[in-house]
Amino acid sequence: MFKALFTPRFNKPLGACVIAGAALAATAVTSKAEEKIQPPPYEVAGGNFEILGVVWDEAAIRKALPPGIKPVNGMTGGINIYSVERGYGIGPYSAAYFWVDIEGFDSPEGIKGRWMLAGVYGPQPNTSAALKAYYGLPVRPGSTRVEPTADGKRAVATVDGHDAITAEIKSVPGSCEAAAISLNYESLSPETKQVSVLKIPFVGDSCKAEPVSVKITAPPGDPFSAYPILKVVGVSDVKNGSFAFTVPQPARE
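Residues numbered from 1 in each chain as written. Predicted model: local features only at pLDDT ≥ 70, side-chain atom pairs only at ≥ 80, totals over all residues. Heavy atoms only, no water.

Q: An account of the pattern of salt bridges is requested, with residue identities and associated values reported.
A: Counted by the stated rule, this structure contains 11 salt bridges. The partner of glutamate 58 in a salt bridge is arginine 62, with the nearest N and O atoms 2.9 Å apart. You can see glutamate 58 and its partner arginine 62 sitting in helix α3 (residues 58-64), four residues apart, about one turn around the helix. Across the salt bridge formed by glutamate 147 and arginine 154, the nearest N and O atoms sit 3.0 Å from each other. A relative accessible area of 24% places glutamate 147 in the partly exposed class. (Salt bridge = Lys/Arg side-chain N within 4 Å of Asp/Glu carboxyl O. Helix = DSSP H or I, 4+ residues; strand = E, 2+ residues; numbered from the N terminus. Buried < 20%, exposed > 50% of the residue type's maximum accessible area, 1.4 Å probe, protein only.)

Have a look at this one:
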């Protein structure tokens, strides 16, 4: 009915051509608008995470970090394999990434700042495109999945149809506790080329777990294969997570 009320009628063929051309132009403009990536902030909910604390190879980490960014002495960091069910701006999506703990950007809870080393987000390409365009994060399209095991679960990250990371954990029943923290992720701003800070407030249920195995099966030359793991130092199974990607802020001097 609304279409009938607001669509003008043309009796001549010329008029029909004009309206058809206008419709095509409007469709093209709408298509371009839909392709545009919405800027932050973003918020997501319904997150489930398998987070492994690791010690990285020192030479690989120092090669990856830009001048002025100092890793912690122990070369600690982690692997996060997760998915979210819904979101504002981005989501739903699944993701996996490596990070290293760095000095000088502690959160109010005393959690070290984090520098992302490599990551995948997807399967839709707009998620990784948004994080790369607005935060300068080293991410690309990919996806993750979780498979049940006899004592826990297996989390797998996939890139270009091939499994790149496989982490297996053993669950500890009845160990979940409510958690509320904030995290600081640093990166080079795509606009200023200076270090910026992404502050992420997070709430969820943190559950104890035990590491079983972690394998990096990405092929040589893949970003994930550039970071050898010396050892796994801990694991968390986080459920019902909600968090926000805030607008990036310039790092303090």
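Q: Which residues make up the nonpolar core, and what values do they have?
A: Trp56, Ile165 and Phe224 are the most contacted members of the largest nonpolar core, which has 34 residues in total. When contributions to this core are tallied by element, the ones reaching two or more residues are β1 (42-56), α3, β2 (76-84), β4 (93-102), β5 (113-122), β8 (152-159), β9 (162-171) and β11 (195-216). Not counting chain neighbours up to four residues away, the residues in contact with phenylalanine 224 comprise Ala96, Phe98, Ala118, Gly119, Val120, Arg140, Val159, Ala164, Ile165, Ile216 and Ala218. In terms of nonpolar packing, the next biggest core, distinct from the first, is built from 25 residues, Val44, Val84, Tyr121 and Leu198 among them. (Core = buried A, V, L, I, M, F, W, Y, C linked by side-chain atoms within 4.5 Å. Contact = heavy atoms within 4.5 Å.)

Q: Give me the layout of surface pockets: which residues, what numbers.
A: The volume enclosed by the largest pocket comes to roughly 510 Å³. Surrounding the largest pocket, 31 residues form its lining, Ile51, Asn80, Arg114, Ile181 and Leu183 being those nearest its centre. Of all the secondary structure elements, the ones that give two or more residues to the lining of the largest pocket are β1, β2, β4, β5, β10 (177-188), β11 and β12 (229-245). Class assignment for the residues of the lining of the largest pocket results in 21 nonpolar, seven polar and three charged. Here the second largest pocket is characterised by a volume of approximately 380 Å³. (1 Å grid on protein atoms, 1.4 Å probe; cavity = no way out; pocket = protein on both sides within 12 Å on 5 of 7 lines; lining within 4 Å. Points joined across faces, edges and corners; volume = space filled by probe spheres on them. Nonpolar A, V, L, I, M, F, W, Y, C, P; charged D, E, K, R; others polar.)

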